[in-house]
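# Structural characterization, general
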Amino acid sequence: MYGWWGRVLYINLTTKRVKEVALDASIYAEYLGGRGLAVKLLWDLNPIGVDPYSPYSHLVIAIGPLSSLPAPSSGKVQVAAKSPLTLGYGDGNLGSMASYHLKRCGYDALVVTGVAKKPTYLYIEDGKVEFRDAEDLWGLDTFTTEEKLIKEHGRNVGILLIGPAGENLVRYATVVSQRGRSGGRPGMGAVMGSKRLKAIVVKGSREPMIADREKFRKVAEEAYNKILKSEAYEFWIRQGTMATIVWSQQNSVLPTMNFREGLWEEYESISGDLMEKLKVARRGCPYCNMQCGNVIHDIAGEESELDYENVAMLGSNIFLSDLRRVAEVNKLADKLGVDTISLGNALGFYMEASERKLVDERLEWGDHREIKRLVVDIAYRRGLGAFLAEGVMRMARSLGREAMDFAMHVKGLEISAYDCHVAPAMALAYATSPIGAHHKDAWIIAYEVKTDRLGYTKEKVERLIFLQDVRGGMFESLTTCRLPWVEVGLDLDYYPKLLSAATGVTWTLDDIRVVAHRIYTLIRAYWIREHGYWSHEFDYPPARWFKHPLTKGPYAGGKLDFEKFNRMLDMYYEMRGWDERGVPKKETLKKLNLEFTISILEKVVELK
Ligand code: SF4
């Protein structure tokens, strides 16, 4: 087999047993790698209803057939597990040399289970696994831990690690690499922490086997050149995703004061133009020639790597102006291993609850000093921080009915940085995202504001499914970054071409979309299996967007229409081959070769 090794490494932290398991070639043909491989492994290995923190819960680190090969932005790695935040399927990707080295160790994925007796880190070099003592590292922030591990193992390694937030089981703790590259929003860092696993260090030396190296080189070189020559490249290199602050403001989708409004009078204080003036460096992921990690000095004079999501959520959404202050909070979150999107939501939610006098302890909008203190307390679960560490859904449930209306999450995962009062398709994208409210699967908002902004149309649903298949299916499973396509217009055809050259099997975009549909349906089956039932309401965006209209800007008075949204959701289910509850139909499961899910699902729901 070319492109994949056909091998997964299982590591049990309780028994310290390690074994290599060969996977059948059909698994790769049906799931590709990354997210696809992860959900298949979690379906097969996790006991039904497992507590995400139990020793029997599995953490999967997976890469794809293009990993460790010189192709545009191929340096991503997927981390996946049952989420402690949503109790459903959770995953995330991050750019890391761990992707490069894991491939060169000769594996397509690592599967970690059990719980170590004491803090541990794994050192994996080619086929050899060492369980190393991490007691000296436990409690250290991610930057310091990484420096110590580099000192011990040298720079030529890939490192995935957690900070205090993961150790203390903050439900939205992430996995971090390379000072600020962070992924696994639905608590993948907490799952690592529950296993007392501080870090995974990988070093590999095996050259990946691919079918046609010369062809691969030619296609990849052409794609790299297209990126460099694209019209959008120069501006992208200057601002990266930070340009989105002004775009969101202009289109009334900038999350402001816990998604109360879609624009903010002080947006210039956090804009991409300002960031350009303050920029001191640019960083990025391996194999990327359009690196977007823009670094500025924060208010304390330290480096902080910014992007749109973290600046909007820790800026306009909590009313914190001054980019250098926002950068300081962002740096703290990266060091502690807290997800910035969920953090901005948790803070915004609490500020609003405080304003409405639903809680005793006050927190004012934009109070920089208190915010900083609270971020640290969240990571260590101290005082009020322990409450915010639970995430918005659980906080709202404990505060009652009124609070649920302004709790900005779907399925327990907090909303990323696009307000959807007047963006019905983006609201549907959040509602049907397979991990809860995240934008990575379908950033349809750019298309929506350019076309029929207020429509609840079939065309939008079709576009949404296309985006999910490409972004959430193809990119998440190839474990390559979607931004060359999204931001500088790299032709999608390059990806099936690269996949074909790597594997020696001819792939088309349509073939990949079938795989994507299978992955989405298996993830949906996983959620149903874990929750024990399913209905429309699991796939609803937050009540605020239906109930509390915008009060400012050109869309003042705008809000979502409940009946029309439901009709769009019905169209979505139908196009996916799921029934009116959102449960995959038996014929869909059979068509996608997911028959193995049928007898399990039939124990909890009636399949139509
Ligand atoms: S575009 Fe940005 S996120 Fe994507 S691979 Fe490059 S540096 Fe990483």
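See the structure printed just above.
Residues numbered from 1 in each chain as written. Predicted model: local features only at pLDDT ≥ 70, side-chain atom pairs only at ≥ 80, totals over all residues. Heavy atoms only, no water.

## Comments concerning the overall build of the protein
Helices and strands together make up the secondary structure of the protein, namely 27 helices and 17 strands. By its C-alpha atoms, the protein is 60 × 55 × 50 Å across when sized along the principal axes. Scored against the burial criterion, the 608 residues of the protein give a buried share of 66%. When contacts within the protein are restricted to residue pairs at least 6 apart in sequence, those whose partners lie at least 24 apart make up 70%. Accessible surface, the protein as shown: approximately 20600 Å² in total, 49% of it carbon and sulfur. Computing the positive centroid from 81 side-chain charges and the negative centroid from 79, the protein places the two 3 Å apart. (Helix = DSSP H or I, 4+ residues; strand = E, 2+ residues; numbered from the N terminus. Buried < 20%, exposed > 50% of the residue type's maximum accessible area, 1.4 Å probe, protein only. Contact = heavy atoms within 4.5 Å. Areas by Shrake-Rupley, 256 points an atom, 1.4 Å probe, with all protein chains shown as cover. Lys, Arg positive; Asp, Glu negative; His and termini not counted. Charge placed at Lys NZ, Arg CZ, Asp CG, Glu CD.)

## What to know about the pairing of strand S15 (residues 303-306)
Note that strand S14 (residues 293-297) and S15 share four bridges and pair antiparallel. Each bridged residue has a counterpart across the sheet, and for Val295 the counterpart in S15 is Glu305. Where S14 folds back onto S15 in an antiparallel hairpin, the turn is made up of five residues, including Gly301, whose phi is positive at roughly 85 degrees. (Pairing = 2+ DSSP bridges.)

## Describing the site of the ligand
Contacts to the ligand come from Ser73, Lys76, Gly284, Cys285, Cys288, Met290, Gln291, Cys292, Cys481 and Leu483. Considering only residue class, the shell around the ligand consists of six nonpolar, three polar and one charged. (Near = heavy atom within 4 Å. Nonpolar A, V, L, I, M, F, W, Y, C, P; charged D, E, K, R; others polar.)

## Things to note about the pattern of salt bridges
Opposite charge on two side chains permits pairing when their charged atoms draw close. Taken as a whole, this structure holds 52 salt bridges when the rule is applied. Lys331 is the partner of Asp298 in a salt bridge, and the nearest nitrogen-oxygen pair spans 2.7 Å. One end of the pair, Asp298, is in the loop between S14 and S15; the other, Lys331, is in helix H12 (residues 323-336), with 33 residues separating them in the sequence. Side by side, Asp298 and Lys331 carry an identical accessibility label, which is buried. Linking Glu370 and Arg373 is a salt bridge whose minimum nitrogen-to-oxygen distance equals 2.6 Å. Note that Glu370 and Arg373 are positioned in helix H14 (residues 368-380) at a spacing of three residues, about one turn of the helix. Here Glu370 falls in the partly exposed class, since its relative accessible area comes to 25%. On the basis of relative accessibility, which here comes to 35%, the residue Arg373 falls in the partly exposed class. (Salt bridge = Lys/Arg side-chain N within 4 Å of Asp/Glu carboxyl O.)

## A word on the sheet that holds strand S3 (residues 59-62)
Read across the open sheet, the six strands follow the order S2-S1-S6-S3-S4-S5; overall the sheet is mixed. Only two strands of the sheet have a single neighbouring strand rather than two, namely strand S2 (17-22) and strand S5 (89-95). Going from strand to strand, the sheet's axes swing by 20 degrees on average, the running direction of each strand aside. As paired strands, S3 and strand S6 (residues 109-113) are joined by four bridges and run antiparallel to one another. Paired with Ala62 across the strands is Ala109, a residue of S6. Against the sheet, helix H2 (residues 34-45) makes contact with strand S1 (7-12), S3, strand S4 (76-82), S5 and S6, and its axis sits at roughly 25 degrees relative to S4, the strand it touches most. (Axes fitted to C-alpha atoms, helices over the stretch in contact; angles between N-to-C directions.)

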